[in-house]
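Secondary and tertiary structure notes
As a plain string of letters, each chain reads:
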Amino acid sequence: MIREINGGDYRQLMELYLHLHETDIPDYNTAAQTWEHILADENYHIIVAEEDGKIVSSCTVVIVPNLTRGPRPYARVENVVTHADYRGRGLATACLDRAREIAAAAGCYNIALLTGSKQESTLRFYEKAGYKRGEKTGFIQWL
């Protein structure tokens, strides 16, 4: 099942993020304000794939209001992750498809993602999901 998160999903989502780049799960009390902000933000969507009651894949899409292009918003995808035991089954693709549907429904003129991966298989995965390499040049400044 592909769906958006709900308030009771905190622990499972954070456990899934251990397959992304996290090394521990923040205490809910420490993260509660951020979690509640995310749940209340109509432009912030965390999409999950659930199997047998367990969240096993996810991505985040954020709709950004914008004064150019019509004015039309744009969308950014982050935190694409699938539990190691569930990879290769199309779950992340289904989450990315739902992200595209959300962005299209919001009238976005584009949807983009950045990845830190240099693995060719990961880059091909994003291309197969409809993202194009070389369209723009990405830069990042860590804060």
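Use the structure listed above.
Here we summarise the structure given alongside this text. (Residues numbered from 1 in each chain as written. Predicted model: local features only at pLDDT ≥ 70, side-chain atom pairs only at ≥ 80, totals over all residues. Heavy atoms only, no water.)

**Looking at the nonpolar core**
For clarity, the threshold we go by: Definition of nonpolar core: a set of buried residues of the types Ala, Val, Leu, Ile, Met, Phe, Trp, Tyr and Cys, connected through side-chain atoms within 4.5 Å. Throughout this description, buried means an accessible area under 20% of the type-specific maximum (1.4 Å probe, protein chains only), exposed means over 50%, and partly exposed covers the range between. Secondary structure elements are defined from DSSP: runs of H or I of at least 4 residues count as helices, runs of E of at least 2 residues count as strands, and each element is numbered from the N terminus. For this analysis, residues touch if any pair of their heavy atoms sits within 4.5 Å.
Within the largest apolar cluster, 22 residues are counted, with the highest numbers of intra-cluster contacts made by Cys59, Val61, Val77 and Leu96. Those elements that place two or more of their residues in this core are strand 2 (44–51), strand 3 (54–64), strand 4 (74–82) and helix 3 (91–105). Counting residues per element, this core draws most heavily on helix 3, at seven residues. Look past the residues within four positions of leucine 96 in its chain and what remains in contact with it is Cys59, Val77, Val80, Phe125, Tyr126, Ala129 and Tyr131. Grouped together as the second largest cluster of nonpolar side chains are 13 residues, Tyr10, Leu16, Tyr17 and Val81 included.

**Remarks on the sheet that holds strand 1 (residues 2–4)**
Put simply, the rule is: Strand pairing requires that DSSP identify at least two bridges connecting the strands. Between N-to-C directions, angles cover 0 to 180 degrees, with each direction set by a line fitted to C-alpha atoms, over the stretch in contact for helices.
With respect to topology, five strands assemble into an open sheet ordered 1-2-3-4-5, the strand pairing being mixed. At either end of the open sheet lies a strand with only one pairing partner, and these are strand 1 and strand 5 (111–113). Averaged over all pairs of adjacent strands, the angle between strand axes in this sheet comes to 30 degrees, irrespective of strand direction. Where strand 2 and strand 3 come together, eight bridges link them in antiparallel fashion. Among the inter-strand pairings, histidine 45 is bridged to a residue of strand 3, identified as valine 61.

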